[in-house]
Amino acid sequence: MRCVNWDLWFIFWSFNLLRPARPLTVHISEDAGAGTLVAGGARGARCVLDQVLAPKFTERFLETDPAAGGVFVSDSIKCSTLPSNPFTVYTVEDCTDSGFRHLLTSLYEVHVHGRNCSNKRKKKPQWDMEVLSLFTRSHHRSDCHPAGSALLPVGGLLPGSPARCKVTHSRDFYFSEGGLFLSETLCWGQDTLLELDLVCDILTGTGVNAKVNPIITHWRVGQGPFRQAHLGKLLEKAAQSDSGIVSRRRRSINSSPQFQPPMYQVAVAENRPAGTPVVVLKAVDVDEGEAGRLEYFIEALFDSRSNNLFAVDPASGTVSTVEVLDRETKDTHVFRVTAVDHGTPRRTAMATLTVTVSDTNDHDPVFEQQDYKESIRENLEIGYEVLTVRATDGDAPVNGNILYHFLNSNGSNDVFEIDSRSGVIRTKGLVDREQVGAYTLVVDANDQGRDPGARNATATVYIVVEDDNDNAPQFSEKRYVVQVPEDMAPNTEILQVTATDQDRGSNAVVHFSIMSGNTRGQFYIDAQTGKIDLVSHLDYEANKEYTLRIRAQDGGRPPLSNISGLVTVQVLDVNDNAPIFVSTPFQATVLENVPLGYSIIHIQAVDADSGENSRLEYRLTDTTPNFPFSINNGTGWIVVAAELDRESVDFYNFGVEARDQGYPVMSSSASISMTILDVNDNNPEFTQKAYYMRLNEDASVGTSVVTVSAVDQDINSVVTYQISSGNTRNRFSITSQSGGGLITLALPLDYKLERQYVLTVTASDGTLYDTSKVFVNVTDANTHRPVFQSSHYTVNINEDRPVGTTVVVISATDEDTGENARITYFMDDSIPQFDIDADTGAVTTQMELDYEDQVSYTLAITARDNGIPQKSDTTYLEILVNDVNDNSPRFLRDHYVGSVMEDVPVFTSVVQVSAIDRDSGLNGRVFYTFQGGEDGDGDFIIESTSGIVRTLRRLDRENVPIYSLQAFAVDKGVPALKTAVNIQVTILDVNDNPPVFEKDEFDIMVEENSPIGVVVAHISATDPDEGSNAQIMYQIVEGNIPEIFQLDIFSGELTALIDLDYEIRSEYVIVVQATSAPLVSRATIHIKLVDKNDNMPMLKNFQIIFNNYVTDKSSSFPTGVIGRIPAHDPDVSDQLHYSFEVGNELNLVLLNQSTGEIQLSQALDNNRPLEASMRISVSGETVG
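Residues numbered from 1 in each chain as written. Predicted model: local features only at pLDDT ≥ 70, side-chain atom pairs only at ≥ 80, totals over all residues. Heavy atoms only, no water.

- Under an unreviewed UniProt entry, the name given to the protein is Cadherin domain-containing protein, and the source organism is Pleuronectes platessa.
- Recorded under Subcellular location (unreviewed entry), the UniProt text for the protein is reproduced unchanged: "Membrane". (UniProt positions renumbered as here; feature names shortened; annotations may be inferred.)

### Let's talk about the overall build of the protein
Phase 1: Counting its regular elements, the protein contains three helices and 95 strands.
Phase 2: Compactness check: the protein gives a C-alpha radius of gyration of 69 Å against a globular reference of 32 Å for 1184 residues, more than 25% above the reference.
Phase 3: For the protein, the C-alpha atoms occupy an extent of roughly 230 × 75 × 70 Å along the three principal directions.
Phase 4: Counting across all 1184 residues of the protein, residues that qualify as buried make up 48%.
Phase 5: Restricting the contact set of the protein to residue pairs at least 6 apart, pairs at least 24 apart contribute 70%.
Phase 6: Across the protein, the centroid of the 92 positively charged side chains sits 15 Å from that of the 163 negatively charged ones. (Helix = DSSP H or I, 4+ residues; strand = E, 2+ residues; numbered from the N terminus. Rg over C-alpha atoms; globule rule 2.2 N^0.38 Å. Buried < 20%, exposed > 50% of the residue type's maximum accessible area, 1.4 Å probe, protein only. Contact = heavy atoms within 4.5 Å. Lys, Arg positive; Asp, Glu negative; His and termini not counted. Charge placed at Lys NZ, Arg CZ, Asp CG, Glu CD.)

### Structural notes on the sheet that holds strand S31 (residues 403–406)
Phase 1: On the basis of which strands lie adjacent, the open sheet formed by four strands has the order S28-S35-S34-S31 and mixed pairing. Pairing within the sheet leaves two strands with one partner each, and these edge strands are strand S28 (371–377) and S31. Pairs of neighbouring strands in the sheet enclose a mean axial angle of 30°, with direction left out of account. (Pairing = 2+ DSSP bridges. Axes fitted to C-alpha atoms, helices over the stretch in contact; angles between N-to-C directions.)

### Considering the nonpolar core
Phase 1: Counting 44 residues, the largest nonpolar core has Ile 28, Leu 62, Val 89, Val 112, Leu 152, Leu 198 and Trp 219 as the members making the most contacts within it.
Phase 2: The residues touching Ile 28, leaving out its near neighbours within four places in the chain, are Val 38, Val 73, Ile 77, Val 110, His 111, Val 112 and His 113. (Core = buried A, V, L, I, M, F, W, Y, C linked by side-chain atoms within 4.5 Å.)

### Structural notes on the UniProt feature "domain: Cadherin" (unreviewed entry) in the protein
Phase 1: Per the UniProt annotation, the sites labelled "domain: Cadherin" (unreviewed entry) are residues 260–367, 368–475, 476–581, 582–686, 687–788, 789–891, 892–997 and 998–1099.
Phase 2: A distance of 47 Å separates the end C-alpha atoms of residues 998–1099, which is 0% helix and 49% strand.

### As for the packing of aromatic side chains
Phase 1: In this structure the tally under the stated criterion is 27 aromatic pairs.
Phase 2: Considering the side-chain rings of Phe 61 and Phe 87, the 5.9 Å spacing of their centres and the 65° angle between planes classify their relative orientation as edge-to-face. Note that Phe 61 is positioned in the loop between strand S4 (46–53) and strand S5 (62–65) and Phe 87 in strand S7 (residues 87–97), a separation of 26 residues in sequence. Here the two residues Phe 61 and Phe 87 agree in accessibility, since each one is buried.
Phase 3: Ring centres 5.1 Å apart and planes at 70° place the aromatic pair Phe 834 and Tyr 857 in the edge-to-face group. Of the two residues, Phe 834 is situated in strand S67 (residues 834–836) and Tyr 857 in strand S69 (residues 856–865); the sequence distance between them amounts to 23 residues.
Phase 4: Residue classification places Tyr 857 among the buried positions, given a relative accessible area of 7%.
Phase 5: Among the aromatic residues, those joined into a ring-pair cluster are Phe 627, Phe 629, Tyr 652 and Phe 654.
Phase 6: Lys 544 extends its terminal NZ or CZ atom over the ring of Tyr 540, reaching a point 5.0 Å from the ring centre.
Phase 7: Seen from the ring of Phe 968, Lys 978 lies directly overhead, with NZ or CZ sitting 4.5 Å from the centre. (Phe/Tyr/Trp six-rings, centres within 6.5 Å; stacked < 30°, edge-to-face > 60°. Lys NZ or Arg CZ within 6 Å of the ring centre and 35° of its normal.)

### Description of the pattern of salt bridges
Phase 1: Using the criterion set out here, one finds 37 salt bridges in the structure.
Phase 2: Close ionic contact of Glu 385 with Arg 426 constitutes a salt bridge, the shortest N to O distance being 3.6 Å. Of this pair, Glu 385 sits in strand S29 (residues 385–388) while Arg 426 sits in strand S33 (residues 424–427), and the two are 41 residues apart along the sequence.
Phase 3: With relative accessibility at 24%, the residue Arg 426 sits in the partly exposed group.
Phase 4: Residues Arg 957 and Glu 958 are paired through a salt bridge, measuring 3.1 Å at the closest nitrogen-oxygen approach.
Phase 5: Arg 957 gets classed as buried once you look at its relative accessible area, which sits at 8%. (Salt bridge = Lys/Arg side-chain N within 4 Å of Asp/Glu carboxyl O.)

### Section: the sheet that holds strand S53 (residues 667–677)
Phase 1: Pairing is mixed in the open sheet, where four strands are placed in the order S46-S53-S52-S49. Sheet topology places strand S46 (586–591) and strand S49 (616–621) at the edges, where each strand pairs with a single neighbour. Within this sheet the neighbouring strands show an average axis-to-axis angle of 30°, counted without direction.
Phase 2: Across nine bridges, the pairing between strand S52 (residues 651–660) and S53 is antiparallel. Bridge pairing links Ala 658 to Ser 668 in S53.

### Re the state of the cysteines
Phase 1: Counted under the stated rule, the structure contains two disulfides.
Phase 2: Between the sulfur atoms of Cys 47 and its disulfide mate Cys 95 the distance is 1.9 Å. Disulfide Cys 47-Cys 95: torsion about the S-S bond near 115°, hence right-handed. A residue pair is termed long-range when its members are at least 10 positions apart, and Cys 47 in strand S4 and Cys 95 in strand S7 qualify at 48 residues.
Phase 3: By relative accessible area, which is 26% here, Cys 47 ends up partly exposed.
Phase 4: Here Cys 95 falls in the buried class, since its relative accessible area comes to 0%.
Phase 5: Note that Cys 165 is cross-linked by a disulfide to Cys 200, the S-S spacing being 2.0 Å. (Disulfide = S-S within 2.5 Å.)

### What to know about the environment of Ser 724
Phase 1: With respect to the helices and strands, the residue Ser 724 is situated in strand S57 (residues 720–725).
Phase 2: A sequence separation of 279 residues divides Ser 724 from Asp 1003, and the C-alpha atoms of the two residues are 147 Å apart.
Phase 3: Setting aside residues up to four positions removed in sequence, Ser 724 forms contacts with Thr 760, Val 761 and Thr 762.

### Side note on the confidence of the model for the protein
Phase 1: Per-residue confidence for the protein gives a mean pLDDT of 84; residues scoring 70 or more make up 92%.
Phase 2: Within the protein, the lowest mean pLDDT, 26, falls on helix H1 (residues 9–18), and the highest, 95, falls on strand S71 (residues 890–891).
Phase 3: Long-range and interchain partners of residues 1–22, a stretch whose pLDDT sits below 50, account for 85 contacts in this model, where long-range means more than four residues apart.
Phase 4: Low pLDDT, under 50, characterises residues 239–252; the predicted model gives this stretch 43 contacts beyond four residues in sequence or across chains. (pLDDT = per-residue confidence, 0-100.)

### Re unusual backbone geometry
Phase 1: In this structure, the amide linkage connecting Ile 868 to the following residue, Pro 869, adopts the cis form with an omega of -5°.
Phase 2: Position of Pro 869 among the secondary structure elements: in the loop between S69 and strand S70 (872–882).
Phase 3: With an omega dihedral of -5°, the bond running from Val 974 to Pro 975 counts as a cis peptide bond.
Phase 4: Here Pro 975 lies in the loop between strand S78 (962–971) and strand S79 (978–988).
Phase 5: A positive phi angle is found at Asn 626, which is not glycine, with a value near 60°.
Phase 6: On the secondary structure map, Asn 626 appears in the loop between S49 and strand S50 (629–631).
Phase 7: What makes Asn 626 exposed here is its relative accessible area of 76%.

### A word on a nonpolar patch on the surface
Phase 1: Together, Ile 1104, Phe 1106 and Ile 1122 give the surface a local cluster of nonpolar side chains, amounting to about 220 Å² of exposed area.
Phase 2: Structurally, Phe 1106 is set in the loop between strand S89 (1098–1099) and strand S90 (1121–1124).
Phase 3: Since its relative accessible area comes to 31%, Phe 1106 is described here as partly exposed. (Patch = residues over 30% accessible without salt bridge, like charges linked within 9 Å, V, L, I, M, F, W, Y side chains within 5 Å. Areas by Shrake-Rupley, 256 points an atom, 1.4 Å probe, with all protein chains shown as cover.)

### Notes on the side chain of Glu 434
Phase 1: Within the secondary structure, Glu 434 is located in the loop between S33 and strand S34 (438–446).
Phase 2: On the basis of relative accessible area, Glu 434 is assigned to the buried category, the value being 18%.
Phase 3: At a separation of 3.1 Å, a polar atom in the side chain of Glu 434 contacts the side chain of Arg 433.
Phase 4: Excluding residues within four positions of it along the chain, Glu 434 makes contact with Glu 378, Asp 467, Asp 470, Asn 471, Gln 502 and Asp 503. (Polar contact = N/O pair within 3.5 Å; in protein donor to acceptor, adjacent residues only side chain to side chain.)

Next comes the structure, spelled out in structure tokens:
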């Protein structure tokens, strides 16, 4: 509560000026006896109690003793009668200590305790004591005090012993050794009044009653006489200041400079020479002379490297470069700018300087690799993505917009194309390794820059085409012909076949094998060299020519083969067989009367050779001159060459020789017995008209078949026998023996050619004859071995076929019959994956097959007949296992981790994944995709061939700091198999977000009279970035002129630099800026002061004068409100309360205690003159 009485005008004027202090607390009992000390008391200094101000109701129980210097209890205190508890007592003391005079104001908050007492705590003022200290020139030789010198002791003025003290709200003083010392040189000016707060811990009492109480003293220090006029002048100056006391800025003899504007943002191009001007800093100082001369400094705020790149001229404030700037090294530099004056004390001003380095096109594009190497398979589909080349440019986007193109796209390189934006190289034509095995592409990256011009870089792409097994081996000749003498020694090379394969590596390794024609196994081919060797003797007479079908097979997976290779082995006859007579000796009879030229007997010999080696010539041997017989040397018929005369010679015995035309000549001889017969007239007659014989086909030449017999009734007749018909292929011969005709086997039989012979045998006595039939049935012998149609079979089977699947049925044929032709099949080697049915030749799987473990099997299969002896043939079955897509791709890592700056351009590579597939061909060809996985909502793509994960859109770490991607490796099998892998991509922060205030405008409520330097608000903005990119600087950019508030550049703490007085100004509007260089944002702050009851109501003496003229007819007496008490309270929130204290005991004036409105009592409505002196009290207290 503030109260004022109109008859204590000077006292209250003084009291209002000295301002209320925070009270010293006093506790007394309502039973306290007279003489109890309430306020004041002994001090170390010599003090005189000058004034005591207390509420009027205390007059009945308090009294002042000026001699003792205190206020004491004078009568009993009754709590029930106290209108206010606690109540306040003010004392004003005039003290002298160490040459200073001090006007000391103390405030005591008196609490009365008792049975009927109630205490309502009041809000405490700011200080416990106020002191005004003055000195005169007579006490000092100079108007200046050097820094560090003692000014005045304070211990004697405090209500106890100071244990510890410190100075606040002033940089001019500090406490030491019980006194105030100067921080800087102090020179007094006219009516100078400096202020400070002294916070001390005061020790009171002794022993167990000792206590430490904190005391806050507001101190004013000035110069001049301690007279009422001078005191009034100083205090009036204080009363008229902005804060009710002299502000520090106003009290300072040196004003602080101020920057206009408080923030600088400039740009400078990179690569400019050192010494390039950047900006001129300008601060304003209203002082004159040295106090207004400024010196400028800059200091890097975030990156100390900036200090080495810029310098400021201390006098002119011109900032220039020290070194050549490189935007790509650092594109933003932020400095704290300080302007320092040369006054006393030196004052400073601060601002921020943000220098943005603008880009010039000074960087060539840089490829991720200078040389790219990639392998692709031939026969890829058109549009296949081979790889992606990527170049980056350190310049800004306008100078780093890269386009790609080939520098050597002509010729064979035209099968490739490159996307000018993304750098993806694709096939646009078919790639055939056999045509071009490797490509060298030169890629140019052009940044499209304009200042000063475009720059480019090149990279070389080496593409190696991997071989697909798409070419079968090709024989060097369509047919190979070789002639081999039949007498060539075994293990002799007869021929080498060659085949080439245009593929490469194992796909081009050729292996040879004989597929057919080697039925007797007489030839061997070296699988690697193609050399054909003779492994057993040839016999021209058995086989004159062999046609071998050769297979050339490569080593691919699966292999390709060519079976068009034909080798004709022509067996050259060697004269290695002598002629063989079909019968020996030869016997014949001839009638003596046969004519000349009569053919008597056909001499036959055979030669197994051929050609000239088998052409025979016959001649007779052992003959005499005039021999009556001759032989046709070509046909072998012996004819009568001269007349016969049995009576002269009845028997001839001579020889015959058969000679071939080979080299060396080979010959054979036989004997001939010729009997000359007498002429007769009876026919010979066979004893049997038909003979039935069975002969095994494997009977050897010379085997006796049957002896036929004929009887001639003539005397001395000699019967001769010959086969006249049915002797197909001259298989049989007949000779006369012991009167009969012996039929023998002349040549080997062949069951498959003739199974029966019907021979007509003629028996002749030289003139007459008879015939008989001889039926020879040829029985089958195990003369033929089983024969496979091919010596080599090739079949394919998928690896996923179930166990028991029939792979192929192998069959052989045997030209024999019966058991001789019943064939049994078996495998020569035990291969557990397969089995063959012994009867059918069906080859089936016994185990699961796995292409990845083994791609082919070669089985040696033998077909054996059941004849005696058993005969067999062997063939080779090659089983090629076809790959089935039964293996999923497998990544080389369990998961992948990558990181990338959030401001990287689109298509920047982040991480590369890689997977392999054990399958082959398309089943093992892997591509990569995000389809079905997680691509960060489309922020990333993955190159299908290389597995490189690239950005597809601009990233924003503040929205998504970490991506959890899922990619798939998918093969091209049917159906396709895929495998997932997780990819974690961390987005690294760049400073791309300005600080953000919660609102654009803020209201801050601040209590007036808050201590200078106390934080009145905390300004805060948030930055979504992180780390140093989220560091925020705060500054006031508008509305702080003159400098009333100070904003801490880093913490955002807003402090008042002067005392804030609601009655002088109720609201301040400032604009604050939050900077995260080079990004800024602003907010408007409304600082609204909260009014406190810190002013006394103001009331001057006034008079009420009225005239009342009373008649019988009318009255001029005013009956309504005639006016109001002319009181005013500067505190707008205070409500005034009006009351009469003295002089209105008769209630002549009616007073509205709330509004101060005055009415006159009807008692004054008369003609009597009246003059009354009244005392009115006006009090104010804060509402709410």
